[in-house]
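So the chains spell out like this:
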Amino acid sequence: MKLLSLILAGLLLLSQLTPGGSLKCWNYHGKCRHKCFKKEKVYVYCTNNKLCCVKSRFLPKNLPWQI
């Protein structure tokens with residue numbers, strides 16, 4: 001039973017990583033990076049202190065800090 005739990009925990013951890021080594025964020029629509037690309041916006045910050053870069057089409061229409 002402990003081995004199964006350990007395997008599941010390892011798979012869960014590996015599922016958070018992408019081949020490029022960057023973490024996914026914002027419901028898997030964004031990627032954690034030091035700098036965002038031109039067509040991406042920062043919506044939240046990742047747990048590793050990087051920016052969560054999300055394409056504009058995945059952002060909510062009404063951002064709370066924009067009036």
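Residues numbered from 1 in each chain as written. Predicted model: local features only at pLDDT ≥ 70, side-chain atom pairs only at ≥ 80, totals over all residues. Heavy atoms only, no water.

In the nomenclature of an unreviewed UniProt entry, the chain is known as Beta-defensin of Ovis aries. Under the UniProt heading Sequence similarities (unreviewed entry), the entry covering the chain gives this text: "Belongs to the beta-defensin family." The Subcellular location (unreviewed entry) comment attached to the chain in UniProt states, word for word, "Secreted". (UniProt positions renumbered as here; feature names shortened; annotations may be inferred.)

**Observations concerning the UniProt feature "domain: Beta-defensin" (unreviewed entry) in the chain**
The residues that UniProt annotates with the feature "domain: Beta-defensin" (unreviewed entry) are residues 24–53. For residues 24–53, helix accounts for 0% and strand for 50%, while the C-alpha atoms at its two ends are 9 Å apart. (Helix = DSSP H or I, 4+ residues; strand = E, 2+ residues; numbered from the N terminus.)

**Details of the pattern of salt bridges**
If you walk through the whole model with that rule in mind, you get one salt bridge. Close ionic contact of Arg33 with Glu40 constitutes a salt bridge, the shortest N to O distance being 2.6 Å. With respect to class, Arg33 is no different from Glu40; both count as buried. (Salt bridge = Lys/Arg side-chain N within 4 Å of Asp/Glu carboxyl O. Buried < 20%, exposed > 50% of the residue type's maximum accessible area, 1.4 Å probe, protein only.)

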